[in-house]
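Results of the structural survey
Spelled out from the first residue to the last, the chains are:
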Amino acid sequence: MSVLLRVHDLSVSYGHIEAVKGINFHLNSGEITALVGANGAGKSTSLLALSGLLKPARGKIEFDGEDIARLAPHKIVQRGVVQVAEGRAILTTLTVAENLALGAYSRSDKAGIAASLDEVYALFPRLKDRAEQFAGNLSGGEQQMLAIGRALMAKPKLLLLDEPSMGLAPLMVQEIFRTLVEINRAGLTILLVEQNVRQALKIASHGYVIETGKIVLADSGANLLANPKVEEAYLGG
Amino acid sequence: MEWFNDFWSTYSTLVFSVGVHILLALSIWLTLSCGLLSLANAAFMGIGAYVAALLTLHLEWSFGTVLLAGGVAPAAVALIIGAPVLRLSGVYLAMATLAFGEVVRITVLNLEITGGPEGLNGIPLSTEAWHIALILAVTVYGLARLRRSKVGRAFEAIKEDEIAARLMGIDVDRYKLLAFSLGAFIAGIAGALNAHFTFFISPREYGFENAVDILTMAVLGGFSNLIGPMLGATILTLLPELLRSLHDFRSLVNGAVLVLVVLFLPKGIWEPRRIRAWVQRFKGGRA
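Residues numbered from 1 in each chain as written. Chains lettered and ligands numbered in written order. Predicted model: local features only at pLDDT ≥ 70, side-chain atom pairs only at ≥ 80, totals over all residues. Heavy atoms only, no water.

1. Details of the overall build of chain A
Along chain A, the regular secondary structure elements total 10 helices and 10 strands. Dimensions of chain A, computed from C-alpha atoms along their principal axes, come out at roughly 45 × 40 × 35 Å. Restricting the contact set of chain A to residue pairs at least 6 apart, pairs at least 24 apart contribute 67%. Surface exposure of chain A reaches about 10100 Å², of which carbon and sulfur atoms provide 50%. Counting 24 positive and 24 negative side-chain charges, chain A places the averaged centre of each group 3 Å from the other. (Helix = DSSP H or I, 4+ residues; strand = E, 2+ residues; numbered from the N terminus. Contact = heavy atoms within 4.5 Å. Areas by Shrake-Rupley, 256 points an atom, 1.4 Å probe, with all protein chains shown as cover. Lys, Arg positive; Asp, Glu negative; His and termini not counted. Charge placed at Lys NZ, Arg CZ, Asp CG, Glu CD.)

Written out as structure tokens, the structure reads:
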């Protein structure tokens, strides 16, 4: 199994506070990897460094053999690393279709973009039904679908997700996770950052547990689910 | 045609002012459309006016070249100050650009070549109605095209949510700089046109008050589209004239009108969504 992305000794600070303290992990091509941990452990911070929104204080992020740790966010999107933002960050005054079109901003292959749009609509038929509605009128779950769909429009090689389950009803969480598995089966590598540890580890091939800025456990998703330490700390005993 | 000649001899300056103010309102619309609250446009207008007037007076360049230089000079300044200033957002950006405006005003006030506080006198009256009409038409057409283009959609995404825009692969910093400089270019041309029909310019005309006036035009008209700023600029230019018969109460009523509009039409006078809703309610009421 080839490694698509390798994080080496990554540290990220907010001013004097070091939120991520020299972490190492890697993502295998074609797999779902989960980065789990409690609130404030440094999960989102790590992800923001991967997508370029935060500049790392130290360390390397090797993607496809290139260090992307200090590239601007739009350059990282061009390389094929695309993040679905936490809190969904959809453009509420634009229509669903306009949001999706903006997702393909870094591309210029018209035929390819049209094909991606068809794929997204096939994945989320509800978005097609609401294509001409303002995105602000969508339900929380639909907004999350739109956020994922918009990221897919960039034709990523690696999809980064920050808390896709946040603020959603349990049934909707399951639907979103089912879709993630479906996208992954089609060949896309996924890094999933979650507080919903059980759901995340269920669908992940590999998982990393992060605590106060350090990776404390690394194993297959199934092994982590069965690990007594994980169970005690995150799955409510 | 006699009535027209009478009208024109009395009101041509006013009509010219409406045109120049529309250009200024459009210049700030451009920066607002990219989510930037910049108050530098009065200063950019001033730079354009002074550069153009000095080129006319000292080097006797042709009017067309002078106008172009009046746009290019502030745009170049915007490119230089944009990189550090545009890291700021919201009120902080407003404060920084306001401070920049004061720096420009005080510099002009103290330089020899700009005539200091007395300003520049005897600028030839080269601006004709068709100049303003043509430049307005080109600007409106250009901005309308821009709005529908890929660049325009990037601006809109940045205005709505900067983080989301970055995650979509939009080079946010570059587009902000583009909006800022293009706005400066339009404001500069407006300043150059203005200098060549008022005969006289002084630093007073490009200070804080004017910066706020320009912003007010766009906010009053509504800046979700191009018609809003044009309407706002027209109203704010004509209103003081229409209220002339009120003499001393003029400023009072002028202010009251602004307060009422902002209170009852917070998104500006020209807000397509609300107007559509009104039309539908009117139709529904009759059916």
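Next comes the rest of the account.
2. Digging into the overall build of chain B
Of regular secondary structure, chain B possesses 12 helices and zero strands. Along chain B, helices and strands appear, N-terminal first, in the series α-α-α-α-α-α-α-α-α-α-α-α. Relative to the globule expectation of 19 Å for 287 residues, the C-alpha radius of gyration of chain B, 20 Å, shows essentially globular dimensions. Dimensions along the principal axes, computed over C-alpha positions, put chain B at roughly 65 × 55 × 35 Å. Within chain B, the fraction of its 287 residues that count as buried is 46%. Counting only contacts in chain B whose residues sit at least 6 apart along the sequence, the fraction spanning at least 24 positions is 77%. If you average the places of the 21 positive and of the 19 negative side-chain charges in chain B, the two averages end up 16 Å apart. (Rg over C-alpha atoms; globule rule 2.2 N^0.38 Å. Buried < 20%, exposed > 50% of the residue type's maximum accessible area, 1.4 Å probe, protein only.)

3. Some details on the side chain of Thr-189 of chain A
Residue and element names in this part refer to chain A. Inspection of the secondary structure assignment puts Thr-189 in strand β8 (residues 189–194). Residue classification places Thr-189 among the buried residues on the basis of a relative accessible area of 2%. Excluding its chain neighbours within four sequence positions, the residues that come into contact with Thr-189 are Leu-4, Asn-28, Ser-29, Gly-30, Glu-31, Lys-157, Leu-158 and Leu-159.

4. What about the pairing of strand β10 (residues 214–220) of chain A?
All names here are of chain A. In this sheet, β10 lies alongside strand β9 (residues 206–211) in antiparallel orientation, the contact comprising six bridges. Note that in β10 the partner of Gly-207 across the bridge is Asp-219. Hairpin remark: β9 followed by β10, antiparallel, with two residues in the connecting loop; positive phi at Thr-212, about 35 degrees. (Pairing = 2+ DSSP bridges.)

That is the geometry; function is a separate question.
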